[in-house]
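# Understanding the architecture of this molecule
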Amino acid sequence: MRERLMSYRDFAKSTGSLDAKKVYSAARKTYQYEIRQAKLKTNAAYIEGAANKCSAAWKVIRQEKLGTNITKVSVTPDKFNDYFLSVAEEALKNVQAAPFNPIDMARRANAPVEDMRWTPITVDQILHTVGRMKESKSKDIYSLSNSLIKSVVGYILLPLMACFNACLNEGVFPGKLKVARVTPIFKKGDRSLPESYRPVSNVPIFGKVFESLIKCQLQRFLEEGGLISDAQYGFRKGLSTGADRFSS
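Residues numbered from 1 in each chain as written. Predicted model: local features only at pLDDT ≥ 70, side-chain atom pairs only at ≥ 80, totals over all residues. Heavy atoms only, no water.

## Considerations on the overall build of the protein chain
A tally of regular secondary structure across the protein chain gives eight helices and two strands. Beginning at the N terminus, the succession of helices and strands in the protein chain can be written as α-α-α-α-α-α-α-β-β-α. In the protein chain, which comprises 248 residues, the share counted as buried stands at 19%. When contacts within the protein chain are restricted to residue pairs at least 6 apart in sequence, those whose partners lie at least 24 apart make up 56%. On the protein chain, roughly 19,000 Å² of surface is accessible, and the fraction owed to carbon and sulfur atoms is 56%. (Helix = DSSP H or I, 4+ residues; strand = E, 2+ residues; numbered from the N terminus. Buried < 20%, exposed > 50% of the residue type's maximum accessible area, 1.4 Å probe, protein only. Contact = heavy atoms within 4.5 Å. Areas by Shrake-Rupley, 256 points an atom, 1.4 Å probe, with all protein chains shown as cover.)

## Thoughts on unusual backbone geometry
Its identity as a non-glycine residue notwithstanding, Ser 143 has a phi of 65°, on the positive side. Examined against the element boundaries, Ser 143 turns out to sit in the loop between α6 (123–131) and α7 (146–170). Overall, Ser 143 belongs to the partly exposed group, its relative accessible area being 47%.

## Section: the pattern of salt bridges
All told, the structure shown has two salt bridges when counted by the stated rule. For the salt bridge of Asp 10 with Arg 9, the shortest nitrogen-to-oxygen distance reads 3.4 Å. You can call Asp 10 partly exposed: its relative accessible area is 40%. As a salt-bridge pair, Glu 90 and Lys 93 come within 3.9 Å of each other at their nearest N and O atoms. (Salt bridge = Lys/Arg side-chain N within 4 Å of Asp/Glu carboxyl O.)

## Some details on the packing of aromatic side chains
Each pair of aromatic rings is reported with the distance of its centres and the angle of its planes. Taken as a whole, this structure holds six aromatic pairs when the rule is applied. The interplanar angle of 20° and the centroid separation of 5.8 Å between the aromatic rings of Phe 80 and Phe 84 together place this pair among those described as stacked. Residue Phe 80 and its partner Phe 84 are both found in helix α4 (residues 77–93); the two are separated by four residues, about one turn of the helix. Here Phe 80 and Phe 84 have matching classes, each one buried. One aromatic cluster is present, formed by Phe 80, Tyr 83, Phe 84, Phe 186 and Tyr 197 through successive ring pairs. It is Arg 191 that lies over the ring of Phe 186; its NZ or CZ is 3.8 Å from the centre. (Phe/Tyr/Trp six-rings, centres within 6.5 Å; stacked < 30°, edge-to-face > 60°. Lys NZ or Arg CZ within 6 Å of the ring centre and 35° of its normal.)

## A few points about the packing of α7 against helix α8 (residues 205–224)
Each pair of packed helices can be described by the angle between their axes along with the distance between the axes. Where α7 meets α8, the closest approach of the two axes is 10 Å, and the angle between their N-to-C directions is 55°. One way to sum up the angle between α7 and α8 is to call them oblique. α7 and α8 meet at a crossing whose hand is right-handed. Together, Asn 146, Ile 149, Ile 156, Leu 160, Phe 164, Cys 167 and Leu 168 of α7 and Ile 205, Phe 206, Lys 208, Val 209, Phe 210, Leu 213, Ile 214 and Gln 217 of α8 make up the contact between the two elements. By residue class, the composition of the contact of α7 with α8 is twelve nonpolar, two polar and one charged. (Axes fitted to C-alpha atoms, helices over the stretch in contact; angles between N-to-C directions. Parallel < 35°, antiparallel > 145°, perpendicular 65-115°, else oblique. Left-handed = near helix turned anticlockwise from the far one by under 90°. Nonpolar A, V, L, I, M, F, W, Y, C, P; charged D, E, K, R; others polar.)

## Looking at a nonpolar patch on the surface
A surface patch of nonpolar side chains, about 250 Å² in accessible area, is lined by Ile 141, Tyr 142 and Val 179. The residue Val 179 is located in the loop between α7 and β1 (181–186) in this model. Its relative accessible area of 36% is what places Val 179 among the partly exposed residues. (Patch = residues over 30% accessible without salt bridge, like charges linked within 9 Å, V, L, I, M, F, W, Y side chains within 5 Å.)

## Quick look at α6
Within α6, the full set of buried residues consists of Ile 126, Thr 129 and Val 130. Seen from one end, α6 has its buried residues packed into an arc of 95°, which puts them on one side. Away from its buried face by more than 90 degrees, α6 exposes Asp 124 and His 128. In this structure, the buried side of α6 is in contact with α7 and α8. (Arc of directions from axis to C-beta.)

Okay, structure coming up:
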């Protein structure tokens, strides 16, 4: 099956045909499904044939959780940190100044009818926001994940609402909710070099929830007050960056 899959891939690369790419994509999904099913059957047979089924099951779980092939990396956390920071600093140097003053543009916009005021966050809003989060088990720096919060949110709604509203009243976004967990993911090349990795950040789960609640209120104020230009298509509900091509 793998040989057939590789032949589909090579054919799609060599021809550039859209149909060939679709065939390869479908074959890859089938291949991955068959691998998962074979793995499940193997694990089930291993557990069923073990003298201590409970112990065997935990062994399978540990292997799935930690991985059976662990590669040691010689790059230290400090080296990763220094490299990732240098990449960001170098990118900032190459950012050209805007040909206009953003403050002047803001002053030319419609003046708001009334001042922006935060409204108290409700338990229903928190439930809705958490409910829309993806079922992810990736953990933040506090070892919390989307899946965990989704499973317990009903028990922490009131204290969570009180904390969020206190932050709004004080005008504070807690620093603890700004600390991300950064994981270097290997791309390709020499594993001993930090440039062979890309950083993936997991921001605090509660920070994501609070951010989303703030964004909803801020966006509603800007939309209802007519403070967003009609030429702004990105990051607006019901619009897309491609829509400006068809506007007159």
